[in-house]
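Single-letter residue listing:
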Amino acid sequence: GLPSGAHTVEFEWRSSITDVAAVAEMFEWTIVVRTDVNDSPDRFFDVVSQNNFETSGEDWYKPLANLSTKVSVDEVSDIAVTFSGELAGLGLIFVAPTINGNPVTDQEVILYYPTLSCPDPACGNPQASDSGAASYTFGLKNVMPSDEPYEIGVAYRVLQAGVSTPGSGFISGSNLVVEQK
């Protein structure tokens, strides 16, 4: 473990393996910093990374594949679920935590609300110019003990953003952090 006190974390990367100037972008990264030790065997902390991308049209909630973890609680517990990812598309993207694949819809949030522009008068090819990364932490309160582990994850749905533009959404580079509080 690290000694107590302030620490500096630095990220370094090269945009080119030559001396030619190049542009670099970082995708699919997350840093998690814990300030206390979770030393109880009754507590859990897990980080799961998305290993694919998801795309959807307007639909009811769709679980993010491979972005869940199984947890067990021995007493009534609160669970923090943090989702982060890169979002894009022509529709509003709502995200909600899931318990055993079922979305907790009263906790849904809009993580992406595109600003659409139309380069032609008929708006036959709308464009969204404000995609990017977003993050949100959900709080699952009073989760009851169970004989079987719970599967905690996230799901998303897409709604139409423009009057004449069908909704579509794209999520990639996602991470899920699940922690018993």
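How each quantity is defined
Residues numbered from 1 in each chain as written. Predicted model: local features only at pLDDT ≥ 70, side-chain atom pairs only at ≥ 80, totals over all residues. Heavy atoms only, no water. Helix = DSSP H or I, 4+ residues; strand = E, 2+ residues; numbered from the N terminus. Buried < 20%, exposed > 50% of the residue type's maximum accessible area, 1.4 Å probe, protein only. Contact = heavy atoms within 4.5 Å. Areas by Shrake-Rupley, 256 points an atom, 1.4 Å probe, with all protein chains shown as cover. pLDDT = per-residue confidence, 0-100. Core = buried A, V, L, I, M, F, W, Y, C linked by side-chain atoms within 4.5 Å. Salt bridge = Lys/Arg side-chain N within 4 Å of Asp/Glu carboxyl O. Phe/Tyr/Trp six-rings, centres within 6.5 Å; stacked < 30°, edge-to-face > 60°. Lys NZ or Arg CZ within 6 Å of the ring centre and 35° of its normal.

Colleague: What am I meant to see in the overall build of the protein chain here?
Modeller: Assigned secondary structure in the protein chain consists of 0 helices and 12 strands. In sequence order, the secondary structure elements of the protein chain are arranged as β-β-β-β-β-β-β-β-β-β-β-β. For the protein chain, with 181 residues in total, the buried portion stands at 35%. A separation of at least 24 residues holds for 75% of the contacts in the protein chain among residues at least 6 apart in sequence. Summed over all atoms, the accessible surface of the protein chain reaches about 11100 Å², with 51% contributed by carbon and sulfur.

Colleague: Whenever I open this one, the confidence of the model for the protein chain confuses me. Can you help?
Modeller: A low pLDDT means the predicted coordinates there should not be read in detail. Looking at the protein chain as a whole, its pLDDT mean stands at 79, while 77% of the residues score no less than 70. At the level of individual helices and strands, the protein chain shows its lowest average pLDDT in strand β1 (residues 45-49), which scores 74, and its highest in strand β6 (residues 102-103), which scores 94.

Colleague: Help me understand the nonpolar core in this model?
Modeller: Considering soluble globular proteins, one finds that nonpolar side chains tend to be buried as a cluster. Counting residues in each nonpolar core, the largest one holds 27 residues, and the members touching the most others are Ile79, Val81, Phe83, Ile93, Val95 and Val154. Where this core is concerned, the elements lending two or more residues are β3 (59-71), β4 (77-89), β5 (91-99), β7 (109-112), β10 (132-143), β11 (150-160) and β12 (168-180). The greatest single-element share of this core, amounting to 5 residues, is contributed by β11. Core analysis: the second largest hydrophobic core is formed by 5 residues, Tyr61, Leu92, Phe94 and Ala155 among them.

Colleague: Before we go on, may I ask you to explain unusual backbone geometry in this structure?
Modeller: The bulk of non-glycine residues show a negative phi, and the bulk of peptide bonds are trans. The phi torsion at asparagine 66 lies on the positive side, around 60°, for a residue other than glycine. Among the secondary structure elements, asparagine 66 is positioned in strand β3. With a relative accessible area of 48%, asparagine 66 lands in the partly exposed category. Positive phi values are uncommon outside glycine, yet asparagine 100 reaches one of about 55°. Structurally, the position occupied by asparagine 100 is in the loop between β5 and β6.

Colleague: Looking at this structure, how should I read the pattern of salt bridges?
Modeller: Two side chains of opposite charge can pair, provided their charged atoms sit close to one another. Applying the stated criterion across every chain yields a total of 2 salt bridges. With a shortest N-O distance of 3.5 Å, lysine 141 and aspartate 78 are connected by a salt bridge. Residue lysine 141 is located in strand β10, and its partner aspartate 78 is located in strand β4; the two are separated by 63 residues in the primary sequence. By relative accessible area, lysine 141 is classed as exposed at 60%. Notably, a salt bridge pairs arginine 157 with glutamate 108, separated by 3.0 Å at the nearest N-O pair. Residue arginine 157 is located in strand β11, and its partner glutamate 108 is located in the loop between β6 and β7; the two are separated by 49 residues in the primary sequence. Given the relative accessible area of 15%, arginine 157 is considered buried.

Colleague: Can you walk me through the packing of aromatic side chains in this structure?
Modeller: Aromatic rings considered in pairs are described by the distance between their centres and by the relative angle of their planes. With the rule as written, the count across this model stands at 2 aromatic pairs. Centroid distance tryptophan 60 to tyrosine 61: 5.0 Å. Interplanar angle 85°. Geometry classified as edge-to-face. Residue classification places tryptophan 60 among the exposed positions, given a relative accessible area of 53%. Judged by relative accessible area, tyrosine 61 falls into the buried class, the value being 9%. Cation over ring: arginine 157 sits above phenylalanine 94, and NZ or CZ is 4.3 Å from the ring centre.

Colleague: Teacher, can you tell me more about the side chain of serine 56 here?
Modeller: The topology assignment puts serine 56 in strand β2 (residues 54-57). Its relative accessible area of 11% is what places serine 56 among the buried residues.

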